[in-house]
Structures are given as C-alpha cells and as structure tokens.
Amino acid sequence: MQDVEAVVLVGGKGTRLRPLTLSAPKPMLPTAGVPFLAHLLSRIREAGIRRAVLGTSYLAETFEKHFGDGSALGLELTYVVEDEPLGTGGGIRNVAEHLTTEHVMIFNGDVLAGTDLRAVADTHRAAEADVTLHLVRVQNPRAFGCVPTDRDGRVTEFLEKTEDPPTDQINAGCYVFRRSVLDTIPAGRPVSVERETFPGLLEAGARVQGHVDVAYWRDMGTPADLVHGSADLVRGVAPSAALPGPSGEYLQLDGAEVAHDAFVFGGSTVGAGAKVGSGAKIEGSMLFDGAVVADGAVVEDSVIGAGAVVEEGAHVRDAVVGDRAVVGAHCELRHGMRIWPDVALPPHGVRFSPDV
C-alpha cells in the first residue's frame, strides 16, 4: 500500500443525529467507547496506509485537537478545512493538492465497514481502473446509489436513489481514484461524486470498476444506526482495532459504576464516570461519559448523552437524550423521541401508558 494515501470526508453537520451533533461532529461521537473516526482510522492503518488527509468543515478544530498529528495511531494526519460546503466531489477536490501518491483511497466518514481495503486496492490496480467503487449488496437498494456492473466488474451505470433499481449493489462510500483523475473535478464549487463525477466519468469512457463483497457494512447516519453500529463493535460483530476493551455483552469505561444487580447487555457502552443503579436494565444502548441511569430505570436501543440523567423507574426506548438532560422518574420515552440538551422532564411528565 506504499502507493496509496487515504482521504476521509468528515465535513458534514450530521443533522439527522441531532441533538448529539450540536456539540460534536458526527465522526467524533463516542461509539463503542471512542470517537467513531478512531475505528475507521484503525482500519486504514491496519491496511498498511500510512498517511491520511481529513477534509473537515463543521466544528473542524475538534478533529486535530483529539487526534493531533496521528502519530499515536501510527498515521500521518493532515487536516484541510472547507470554508463552505462543497459536497463529496468538491470535498475531494479541495484536498487534492495535499496528495502525493499514485492512488487515493477515499472514505465517507460516517460508514462502518469491515471490507478488506487491500483487496479493494488490488482490484483497482488489476483492472487498471481510473476509479474503483466498493459496492455492497443490500435488501432494499432504493435508499442508496445503485451501481450495476458487467461480467468483468466494470460499472455500467450510476443510479442515485432510483425507485426501480436494476441491481442490489449499492455505493458503499469507499472509492479508489487515480490521483490524476482528482484534478478533473471542478474546483471551488459544490460537486457530487454520485450525481456528477461518476456519471461524467462513465460518459467519457473512463474505466470505473466495482469491487463487490459481503463484509460488514452500515451507514451511521441515524440514531438507530449509530446505536446498532456501536453495539456491533462492542460485541465484535463489526471489526475494529480501536475498541478500548475486550468485546462482549457490554463495554465499561474507566470510572464507570454498574450496580451488581443491574442488567447491562446487548453491546451496550457505559461511558467513563457513568453510573447504572440497582435493578436498572441497559440493553443495546450508549451511555456517554458521566451519564446516570438510576435504580430500576430501563434504557433500550437508545443514546444517553454526556452528564444526562435517567431517573428512577423511567423507561427510554429507541430515543436520544441530549447532554445534561434529565428524564424524570417514571417518564416513558419511545419511538425516536429526542430530548435536547439541558432539558429537564419532570417526574411522570411524559407517558405512553396510564399511571397505576
């Protein structure tokens, strides 16, 4: 992989994950105990790539503050800030002048995957491709970019979110470009690789190759996907060298306290300094640093923000509780509800069932 550098696009605002992304960019959200980006960077390093350029924008300073020059990860990191949103293609073009190798492997910073990155690069070289796309097969391709290929694996079309997809192969958010191809992307304006760059390359007769595999893959753009992806990392279903502890039913970080009769399982993470009270149940959930789940409370498939409190007997299912918020005793949150930071719900203030 000496001839490959990485680009990671991490400039998005993560609006679908609010209120969690009000205080941190999506790739920096704690996921299985560390920022999500740490898992991706660990895979890049394991593949043998030694240098990565991060295309940042929203809360850009948080990336360099946490990862520094990358030496602790065994990487050389460079940060390039977008002054205005440029889209995927524009973001790639914006970092092009900082790249030096013949091939560039590009990642969307919100995808959790287990694909063999060396194999993707090998496909690219063997096909002498201008661009190679990592493709995965999904049950419902309508929500993604659909990418049919011929018998040699060459991409024949790129159909963005079509209602009648001809194949179950979708764009998985990882590409390999010849460095020279990056210079053909227009500079200084928003560009979508999905709607402009890839169709334009096909029209021009460029060799656009597909690399299809069945490795783990998940888009981490919604709270439900964030929760499930984190649980998969904790349980070892999704691979990562950045997990700060052994895989298992739950991950407990330094300073966390879990009562001996609490039930914590399903790939849950109990953040640093967090507390889980007597008889509480935590299933498949993320407790950020300093969160408190009181006696007898139930938290399932949810995110409890930093310093937030779920009081005694409350039930939180499929919900997001923002930083420092308080869910009052015996409240019930369900069905994708989101509580903004610092909001305090009084005891019994929100219910889905009658008091008894």
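Structural notes, computed from the coordinates. The structure presented is a predicted model; accordingly, all values stated were derived computationally and were not measured. (Residues numbered from 1 in each chain as written. Predicted model: local features only at pLDDT ≥ 70, side-chain atom pairs only at ≥ 80, totals over all residues. Heavy atoms only, no water.)

Strand pairing in a sheet relies on backbone hydrogen bonds, with the paired strands running either antiparallel or parallel. Taken together, the five strands give an open sheet; going across it, the order is 16-19-22-25-28, and neighbouring strands pair in parallel fashion. The sheet terminates laterally at strand 16 (263-265) and strand 28 (332-333), the two strands that pair on one side only. Inspection of the sheet shows strand 22 (residues 298-300) paired to strand 25 (residues 315-317) by three bridges, in the parallel sense. Residue pairing for strand 25: Glu300 is matched across the bridge by Arg317. (Pairing = 2+ DSSP bridges. Helix = DSSP H or I, 4+ residues; strand = E, 2+ residues; numbered from the N terminus.)

As a further point, take the side chain of Thr132. The residue Thr132 is located in strand 8 (residues 131-137) in this model. One polar contact links Thr132 to His124, side chain to side chain, over a distance of 2.8 Å. When near neighbours in sequence (up to four residues on either side) are disregarded, Thr132 contacts Val120, Thr123, His124, Cys174, Tyr175, Val176, Gln209 and His211. (Polar contact = N/O pair within 3.5 Å; in protein donor to acceptor, adjacent residues only side chain to side chain. Contact = heavy atoms within 4.5 Å.)

This part takes up the pattern of salt bridges. For the structure on display, the rule yields 17 salt bridges. Between Asp183 and Arg179 there is a salt bridge, with the nearest N and O atoms lying 3.1 Å from each other. With a relative accessible area of 17%, Arg179 lands in the buried category. With a closest N to O distance of 2.7 Å, Arg218 and Asp225 form a salt bridge. (Salt bridge = Lys/Arg side-chain N within 4 Å of Asp/Glu carboxyl O. Buried < 20%, exposed > 50% of the residue type's maximum accessible area, 1.4 Å probe, protein only.)

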